[in-house]
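Residues per chain are reported as follows:
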Amino acid sequence: MRAADWCLSSAGAAVVLATSSDEQHPAENVADGSSETFWTTTGMFPQEFIIGFPKSVKISKVTVQCYLVRTLRIERSISKDPVDFEQCIEKDLQHTEGQLQMEEFPLPDFQATYLRFIIKSAFDHFVSVHRVMAEGTAENP
């Protein structure tokens, strides 16, 4: 089975929670497949968003395109609802002046129905998340 990007809204993914809301830059932008659109935080940290998948998927790699994020934690849930998260990885990102940060997180093929992205700290008062990709395959029903 070919790996797919499960964080796309066109694949059935949905942002089910975001701690910041900006009418012009909504959280749904992280799942639209474009690096041109983005979700922006409204200051104060931590900030987070949760992406729900249409079914349980086996994730092998997560890639995040963002700007000014200092520390990012990714957690997963295998519940039917977005609860009982467990940490997958936490990383300090490099500051990239004037360009997007592109971070890849190779993961040991884990199941997930939800991914939670927690921005623990930043290089500025505001950050933007442009795109999130979760490469993996669907689990059999």
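Residues numbered from 1 in each chain as written. Predicted model: local features only at pLDDT ≥ 70, side-chain atom pairs only at ≥ 80, totals over all residues. Heavy atoms only, no water.

Caption draft 1: Just the overall build of the protein, in detail. Looking only at helices and strands, the protein features 0 helices and 8 strands. Walking the protein from its N terminus toward its C terminus, one meets helices and strands in the order β-β-β-β-β-β-β-β. Taken along the three principal axes of its C-alpha coordinates, the protein extends 45 × 30 × 25 Å. When contacts within the protein are restricted to residue pairs at least 6 apart in sequence, those whose partners lie at least 24 apart make up 77%. (Helix = DSSP H or I, 4+ residues; strand = E, 2+ residues; numbered from the N terminus. Contact = heavy atoms within 4.5 Å.)

Caption draft 2: Expanded view of the pairing of strand 8 (residues 128–138). Counting buried positions along strand 8 gives 9 out of 11 residues, so the element sits mostly inside the fold. Here 2 bridges tie strand 1 (residues 4–5) to strand 8, and the two strands are oriented antiparallel to one another. Following the sheet pairing, Asp-5 is matched in strand 8 by Glu-135. Pairing analysis gives 2 bridges linking strand 3 (residues 39–40) to strand 8, with the strands arranged antiparallel. Within the sheet, the bridge partner assigned to Trp-39 lies in strand 8 and is Val-129. Where strand 4 (residues 47–67) and strand 8 come together, 10 bridges link them in antiparallel fashion. When the sheet's bridge partners are listed, Gln-65 is paired in strand 8 with Arg-131. (Buried < 20%, exposed > 50% of the residue type's maximum accessible area, 1.4 Å probe, protein only. Pairing = 2+ DSSP bridges.)

Caption draft 3: Quick peek at the pattern of salt bridges. Evaluation of the coordinates by the stated rule reveals 10 salt bridges. Put simply, Arg-116 and Glu-75 hold a salt bridge, and the shortest N to O gap is 2.6 Å. Within this pair, whereas Arg-116 is found in strand 7 (residues 101–122), its partner Glu-75 is found in strand 5 (residues 69–77), the two being separated by 41 residues in sequence. One salt bridge connects Lys-91 with Glu-103, and the closest N-O pair in it is separated by 2.8 Å. Placement of the pair is Lys-91 in strand 6 (residues 86–92) and Glu-103 in strand 7, with a sequence separation of 12 residues. Among the ionic contacts, a cluster of salt bridges with common partners joins Glu-48, Arg-73, Glu-75, Glu-90, Arg-116 and Lys-120. (Salt bridge = Lys/Arg side-chain N within 4 Å of Asp/Glu carboxyl O.)

Caption draft 4: Spatial organisation of the side chain of Gln-47. Here Gln-47 is to be found in strand 4. Judged by its relative accessible area of 5%, Gln-47 falls in the buried class. Among residues more than four places away in sequence, those in contact with Gln-47 are Thr-19, Ser-20, Trp-39, Thr-41, Thr-42, Phe-117, Ile-118 and Ile-119.

Caption draft 5: Structural context of the packing of aromatic side chains. Throughout the structure, instances matching the rule amount to 2 aromatic pairs. Seen in terms of ring centroids, Phe-49 and Phe-117 are 4.9 Å apart; in terms of plane orientation they differ by 10°. Their pairing is stacked. Here Phe-117 lies in strand 7 and Phe-49 lies in strand 4, a separation of 68 residues in the sequence. A relative accessible area of 2% means that Phe-49 is categorised as buried. Lying over the aromatic face of Phe-105, Lys-91 brings its terminal NZ or CZ to 5.6 Å of the ring centre. (Phe/Tyr/Trp six-rings, centres within 6.5 Å; stacked < 30°, edge-to-face > 60°. Lys NZ or Arg CZ within 6 Å of the ring centre and 35° of its normal.)

Read these as spatial facts, not as claims about activity.
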